[in-house]
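Structural characterization, general
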Amino acid sequence: MSVLDVAIIGAGISGINTAYRVQEAQPDINYRIFESRGEIGGTWSFFKYPGLRSDSDLFSFGFEWNPWFADEVIADAPAIMQYLHKSIKSFNGDKHLELKHKLISLDWSSFEQLWTLRFHVGDGEKYEDREVKSRWVVLGTGYYDYKKALPVEIPGIDNFKGTIIHPQFWPEDIDLTGKRVAIVGSGATAITILPNIAEKAKSVTLVQRSPSYIGAIPRQDKSVDLLKRWLPLSWATKLLRVKYLLLSFLFFNFCQQLPNFSRKLLLSGAKKSLPPSIPVDPHFSPKYKPWDQRFCMCPDGDFYAALRSDKANIVTGHIETITEDTIVIKDQPESKIEADVIVTATGLKILVGGGATMHRDGIEYKPADKMLWKGCMLQDTPNAIVVIGYTNASWTLGADVAAKTLTRMISMLKKNGRTSATPTLPAGVQAQPFMQMSSTYLLKGRGQMPTGGNQYPWLPRRNYFSDLFDAKYGDVSKDIVSSKCIHMVEANETVVSWRKEVGSTLHLLSLSCTLCIMCSILDSFTSGTIFILQMYPINTLHMLATLIIRITRHIGIPEPSRTSQQSPAEYQVQVAHPPPCLVGGSPSCSTDSCQS
Ligand SMILES: Cc1cc2nc3c(=O)[nH]c(=O)nc-3n(C[C@H](O)[C@H](O)[C@H](O)COP(=O)(O)OP(=O)(O)OC[C@H]3O[C@@H](n4cnc5c(N)ncnc54)[C@H](O)[C@@H]3O)c2cc1C
């Protein structure tokens, strides 16, 4: 079985970007991208609800190495998918794709210094097993469960006789013409769906327990046209990227530093966009500070435009119950919302690592129980990157910081002649949430996410500029134990040299046998036949030895397995510090800690 340098899991934005970065850093690197679905794009090919689009600007959401080239600042899913297809083809990343490969488990062997990845290959129920070995693994599997949505907790939802749709599993053939639709939720998904179904539906009502901040962002930016007209395209796209990186950075910090002032500005903006029938309070005045939860953007203010039409409405309050065709709001007898369809835009179920199980030397653990080193490497986990982007800026920026950290770690190990790097938590580091936003689904999913720490380099990521600087120039050895388990290498080398020695001896032997046989044949013509028979045992020995060599080549060197008397911890120590290797005098395993 050939061994990969890097196995990338997931062909979404994070997977594609990582593939580009590893190939850029080391053009001859041996990597594959394993994707469970039959297509690339992740989120952007998976979700099918009407109007799916980015709410980040595409100049910072696009890849640095293939800048977003279209004129629109905000793009819909088909345009993003077209861009992703072009991007992956631009560096032949598509030649490294393994579609319909669902990662099931990951096992690190300290003895081999390798990951063993197990996949189900195929469609749904029908699959075959496949095993792959890799030096590094990158989990670009996104942050939510593709199979299961967050369970809906709406009182009386089971009474409803109409159609219930979760945006994650939007039925593409559903026709909402003339239907009364209620959307339960207040996040980006609800804000996107409402204006996009308002035209067809008879009525659309957004039912929210608590409001969000909703800003309007122009789809087109006049400076795009201007810059493209006067500057070479590559300069124009670079300048636009810098402009939008700075804008989103300044906007976030302005909101966090001056929460009252920014709140006032945002609410007055909302007031201007709303029809007189819909007051800002309670519908657009959240209890939290701007950017404590993800800020919702609507292109050209399409959400407000829908509210100004007579088709869309908004209701803020707790759902008391749902009858077979009506949503009843607590303490608001006037707010009874009749509906044929309910859309439950209540959030995603957080999942890190795509649901694959993780083991280190036979001991299972969960990514959620670990801290993240520099926002991307799991504590106590050698050679593994978990890609989690930003929630307060474009996701891609965080994914790129992770990819750059990976390429630095790979070259650091290469330079130092090491085979693995393991983030190891020093005493006294306190855990804190990695995603610091207070959105309900993130709060509910905190138990499923690795945490950050309260000290460098365990701090959660918050700011692209400083994180990028750190990924490029920061200390990549702090709290890292790098190992070179030469036991395996030397044992292998010993076997190889043994094979070589035995092989060449046997070669000589067989040559001499052949010569002898020839001599004896000649001899038999002269003095007799006894000599030929004497050579048979040597030839048999030759065949036997060849057979042994062949078998050892197939089996390889077995890893020590845990005995029933050993505790998991003892076993781990044994594997981390294996017994002396076959080459006399050399330490079997060298780690930074055991060398010092
Ligand atoms: C509706 C929606 C809108 C969003 N809008 C924005 C936005 O405007 N701006 C922004 O910055 N972010 C946004 N996000 C966040 C978004 O998830 C990221 O922008 C980005 O697309 C994530 O890319 P990714 O590659 O990390 O993950 P994903 O896009 O989730 O891709 C992960 C890939 O991994 C695969 N995978 C998962 N598990 C396995 C497994 N076990 N084996 C093999 N393959 C596996 C999946 O099939 C998928 O293809 C949005 C998210 C959602 C859900």
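One structure accompanies this document, and this report is about it. Only a predicted model underlies this, so the values are computations on that prediction, with no experimental measurement involved. (Residues numbered from 1 in each chain as written. Predicted model: local features only at pLDDT ≥ 70, side-chain atom pairs only at ≥ 80, totals over all residues.)

What follows is about the overall build of the protein chain. From N to C terminus, the protein chain includes 17 helices and 26 strands. Scored against the burial criterion, the 596 residues of the protein chain give a buried share of 38%. (Helix = DSSP H or I, 4+ residues; strand = E, 2+ residues; numbered from the N terminus. Buried ≥ 20, exposed ≤ 12 C-beta atoms within 10 Å, placed from the backbone.)

A few words now on the site of the ligand. Neighbouring residues of the ligand: 33 residues in total, closest Gly10, Gly12, Gly42, Gly142 and Gly354. Where the shell around the ligand is concerned, the elements lending two or more residues are helix H1 (13-25), strand E4 (101-109) and helix H11 (395-416). For the shell around the ligand, the leading source of residues is H1, giving three residues. Taken together, the residues that form the shell around the ligand break down as twelve nonpolar, 17 polar and four charged. (Near = placed C-beta within 6 Å. Nonpolar A, V, L, I, M, F, W, Y, C, P; charged D, E, K, R; others polar.)

We now examine the sheet that holds strand E14 (residues 326-329). Reading across the sheet, the three strands line up as E13-E14-E15 and stay open at both edges, with antiparallel pairing between neighbours. What marks the edges here is a single partner per strand, and that holds for strand E13 (319-322) and strand E15 (336-338). Geometrically, the sheet is characterised by an average inter-axis angle of 20° between neighbouring strands, direction not taken into account. Bridge count between E14 and E15: three bridges; the pairing is antiparallel. Bridge pairing in E15 links isoleucine 327 to isoleucine 337. (Pairing = 2+ DSSP bridges. Axes fitted to C-alpha atoms, helices over the stretch in contact; angles between N-to-C directions.)

Attention shifts here to H11. Its 22 residues give H11 an end-to-end C-alpha distance of 32 Å, which sits within 8% of 32 Å, the value for a rise of 1.5 Å per residue. For H11, a buried count of 16 out of 22 residues is recorded, marking the element as mostly surrounded by other parts of the structure. (Expected span 1.5 Å × (residues − 1).)

Another aspect to go through is helix H13 (residues 464-473). Along H13, the positions that sit buried rather than exposed are Tyr464, Asp467, Asp470 and Ala471. Along the axis of H13, the buried residues cluster in a sector spanning 130°; they form a single face. Of the exposed residues in H13, those oriented more than 90 degrees away from the buried face are Phe465, Ser466, Phe469, Lys472 and Tyr473. Among the structural elements, helix H7 (233-257) and H11 are those in contact with the buried residues of H13. (Arc of directions from axis to C-beta. Contact = placed C-beta atoms within 7 Å.)

Here the focus is unusual backbone geometry. Geometrically, the link from aspartate 281 to proline 282 is a cis peptide bond, its omega value of 15° lying close to zero. Mapping proline 282 onto the fold places it in helix H9 (residues 280-283). Each neighbour pair has its own omega, and for tyrosine 456 with proline 457 the value is 0°, a cis peptide bond. The backbone phi angle of asparagine 383 is positive, close to 50°, even though this residue is not glycine. Mapped onto the fold, asparagine 383 is located in the loop between strand E20 (377-378) and strand E21 (384-386). Asparagine 383 gets classed as buried once you count the C-beta atoms within 10 Å, which come to 24. Positive phi, normally seen in glycine, also occurs at aspartate 479, with a value near 60°. Residue placement: aspartate 479 occurs in the loop between H13 and strand E25 (480-484).

In this structure, Ala7, Val137, Val138, Ile385, Val386 and Val387 are the most contacted members of the largest nonpolar core, which totals 81 residues. Sort the elements by how many residues they give to this core and H11 lands first, with ten residues. Mapping this core onto the domain boundaries places at least three of its residues in each of domain 1 (4-147 + 350-483) and domain 2 (157-344). Residues within four places of valine 137 in sequence aside, it is in contact with Ala7, Ile9, Leu106, Trp115, Leu117, Asn383 and Ala384. Residues Leu176, Ile193, Tyr213 and Ala339 belong to the second largest nonpolar core, which totals 42 residues. (Core = buried A, V, L, I, M, F, W, Y, C linked by C-beta atoms within 7 Å. Domains from an automatic or database assignment.)

Now for the pairing of strand E6 (residues 126-139). Pairing of strand E1 (residues 3-9) with E6, which is carried by six bridges, proceeds in the parallel orientation. When the bridges of E6 are listed, leucine 4 appears paired with serine 134. Here strand E5 (residues 114-123) pairs with E6 via nine bridges, running antiparallel. Each residue of the ladder has a partner; that of tryptophan 115, found in E6, is serine 134. The turn joining E5 and E6, which pair antiparallel and follow one another in sequence, is formed by two residues; a positive phi near 45° is taken by glycine 124. As paired elements, E6 and E21 share three bridges and run parallel to each other. Paired with valine 138 across the bridge in E21 is isoleucine 385.

This paragraph deals with the packing of H1 against H11. Put simply, H1 and H11 touch, their axes get as near as 9 Å, and they point 35° apart. Once H1 is placed against H11, the crossing between them reads as right-handed. For the pair H1 and H11, contact is made by Ile13, Ser14, Asn17, Thr18, Arg21, Val22 and Ala25 and by Trp395, Thr396, Ala399, Asp400, Ala403, Lys404, Leu406, Thr407 and Ser411, respectively. Residues that form the contact of H1 with H11 fall into these classes: seven nonpolar, six polar and three charged. (Left-handed = near helix turned anticlockwise from the far one by under 90°.)

H7 packs onto helix H6 (residues 222-230) with a crossing angle of 150° between their chain directions and a minimal axis gap of 8 Å. For the element pair H6 / H7, the angle class is roughly antiparallel. H6 and H7 meet at a crossing whose hand is right-handed. Contacts between H6 and H7 involve Val224, Leu227 and Lys228 from the former and Leu233, Ala236, Leu239 and Leu240 from the latter. (Parallel < 35°, antiparallel > 145°, perpendicular 65-115°, else oblique.)

What follows covers the sheet that holds strand E16 (residues 341-344). Here we have five strands laid out as an open sheet, ordered E7-E16-E8-E9-E12, and parallel in their pairing. The open sheet is flanked by strand E7 (163-165) and strand E12 (312-316), the only strands paired with a single partner. Pairwise comparison of adjacent strand axes, ignoring direction, gives a mean angle of 20° for this sheet. Note: strand E8 (residues 180-184) against strand E9 (residues 203-208), five bridges, orientation parallel. Within E9, the position partnered with valine 184 by the bridge is valine 207. Contacts from helix H5 (residues 188-198) reach E8, E9, E12 and E16, with the element oriented near 165° to E9.

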